[in-house]
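Examining the three-dimensional arrangement
Each chain is listed here by its residues.
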Amino acid sequence: MSTLQAVAPPVEHAPSVLCVGIADYAVAAGAAQLVTNGLGSCVAIVLYDRERKVGGLAHILLPNEVLSASQELPGKFASSAIPVMLRRMRELKAIGVINARIVGGASMFAPLLGSGAPSLGARNIASARAALAEAGIPIVGEDVGGDHGRSVTFDIQAGTVHVRSIAKGDVHL
């Protein structure tokens, strides 16, 4: 007696999808997608070497180490995530010009802030910009601020960043 098993044909060049959690980061090359969901006041920092098709994505939680009891996760802060991602990108042969895109930094709880106090989202945006400037990396696109959440999909092969928001629709950076 013989049994047949259905085998799905192999998918050519199917991208691997890496999900980046809060206070985390990922770096990959070629046919890969880096995805992060649930950006409120957090900021996604996307780094990309277009020449070598190498990229990274970090989901930044806080603007600086002073606000955290633990500094163990380099993806938690822009100042620690960017150097770690750059080092890993160089290991994957990134040698070209690296640029950045930033997404998120919403003011999710504006009514709870005192008058004139900057939101956590605004402080995260400022820290991302400062860390990128310190590293000499230009920001070539951004979708930041507002009062709505976002999710990000970064297609490394294509070099595209797709931002999805229920409140504001889709944006491509």
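Residues numbered from 1 in each chain as written. Predicted model: local features only at pLDDT ≥ 70, side-chain atom pairs only at ≥ 80, totals over all residues. Heavy atoms only, no water.

Regarding the overall build of the protein
Each helix and strand in the protein was counted, giving two helices and 10 strands. Listing the helices and strands of the protein from first to last along the sequence gives β-β-β-β-β-α-β-α-β-β-β-β. Classification of the 173 residues of the protein by burial places 43% in the buried group. When contacts within the protein are restricted to residue pairs at least 6 apart in sequence, long-range pairs at least 24 apart make up 64% of them. Total accessible area computed for the protein in this model is approximately 9200 Å², and 58% of it derives from carbon and sulfur atoms. (Helix = DSSP H or I, 4+ residues; strand = E, 2+ residues; numbered from the N terminus. Buried < 20%, exposed > 50% of the residue type's maximum accessible area, 1.4 Å probe, protein only. Contact = heavy atoms within 4.5 Å. Areas by Shrake-Rupley, 256 points an atom, 1.4 Å probe, with all protein chains shown as cover.)

A closer look at the pattern of salt bridges
Side-chain pairing between opposite charges can occur once the charged atoms of the two side chains come close. Per the stated rule, a full pass over the model turns up four salt bridges. The partner of Arg 150 in a salt bridge is Asp 143, with the nearest N and O atoms 3.2 Å apart. On the basis of relative accessible area, Arg 150 is assigned to the buried category, the value being 3%. Between Arg 164 and Asp 170 there is a salt bridge whose closest N-O contact spans 2.9 Å. (Salt bridge = Lys/Arg side-chain N within 4 Å of Asp/Glu carboxyl O.)

Some details on the packing of helix H1 (residues 78-91) against helix H2 (residues 120-135)
Two packed helices can be described by the angle between their axes and the distance between those axes. Where H1 contacts H2, the two axes come as close as 9 Å, and the packing angle between them is 40°. On the basis of the axis angle, H1 is oblique to H2. Note that H1 runs across H2; the crossing there is right-handed. Mapping the contact onto sequence places Ala 78, Ser 79, Ile 82 and Leu 86 in H1 and Ser 127, Ala 128, Ala 131, Leu 132 and Ala 135 in H2. Its residues assigned to classes, the contact of H1 with H2 comprises seven nonpolar, two polar and no charged. (Axes fitted to C-alpha atoms, helices over the stretch in contact; angles between N-to-C directions. Parallel < 35°, antiparallel > 145°, perpendicular 65-115°, else oblique. Left-handed = near helix turned anticlockwise from the far one by under 90°. Nonpolar A, V, L, I, M, F, W, Y, C, P; charged D, E, K, R; others polar.)

Comments concerning the nonpolar core
Core analysis: the largest hydrophobic core is formed by 22 residues, its most contacted members being Ile 45, Leu 47, Ile 82, Leu 132 and Ile 137. Residue assignment for this core shows that the elements contributing at least two residues are strand E4 (43-49), strand E5 (54-60), H1, strand E6 (98-104) and H2. Looking at which element gives the most residues to this core, the answer is H1, with six residues. The contacts of Ile 137, once residues within four sequence positions are left out, are Leu 47, Ile 82, Leu 86, Ile 98, Asn 99, Ala 100 and Leu 132. Of all hydrophobic cores here, the second largest spans 17 residues; its members include Ala 26, Ala 28, Ala 44 and Val 161. (Core = buried A, V, L, I, M, F, W, Y, C linked by side-chain atoms within 4.5 Å.)

A closer look at the pairing of E6
Of all the seven residues making up E6, seven are buried; the element is thus mostly covered by neighbouring parts of the structure. The pairing of E4 with E6 spans seven bridges and is antiparallel. Bridged to Asp 49 within E6 is Ile 98. Relative to strand E7 (residues 139-144), E6 runs parallel, the two sharing five bridges. Within the sheet, the bridge partner assigned to Ala 100 lies in E7 and is Ile 139. (Pairing = 2+ DSSP bridges.)

Some remarks on H1
Compared with the 20 Å implied by 1.5 Å per residue over 14 residues, the 20 Å span of H1 between its first and last C-alpha is a close match. The complete set of buried residues in H1 reads Ala 78, Ser 80, Ala 81, Ile 82, Val 84, Met 85, Leu 86 and Met 89. Elements in contact with the buried residues of H1: strand E2 (25-29), E4, E5, E6 and H2. Phi for Lys 93, located one or two positions after H1, is positive at around 80°. (Expected span 1.5 Å × (residues − 1).)

A closer look at the sheet that holds strand E1 (residues 16-19)
If you walk across this open sheet you meet the five strands as E1-E3-E8-E9-E10, and the pairing is mixed. In the strand order of this sheet, the two ends are held by E1 and strand E10 (169-172), each with one partner. Within the sheet, the average angular offset between the axes of one strand and its neighbour, ignoring direction, is 20°. Relative to strand E8 (residues 150-155), strand E3 (residues 32-39) runs antiparallel, the two being bridged by five bridges. Bridging across to E8, Gln 33 finds its partner in Asp 155.

What is shown is where atoms sit, not what they do.
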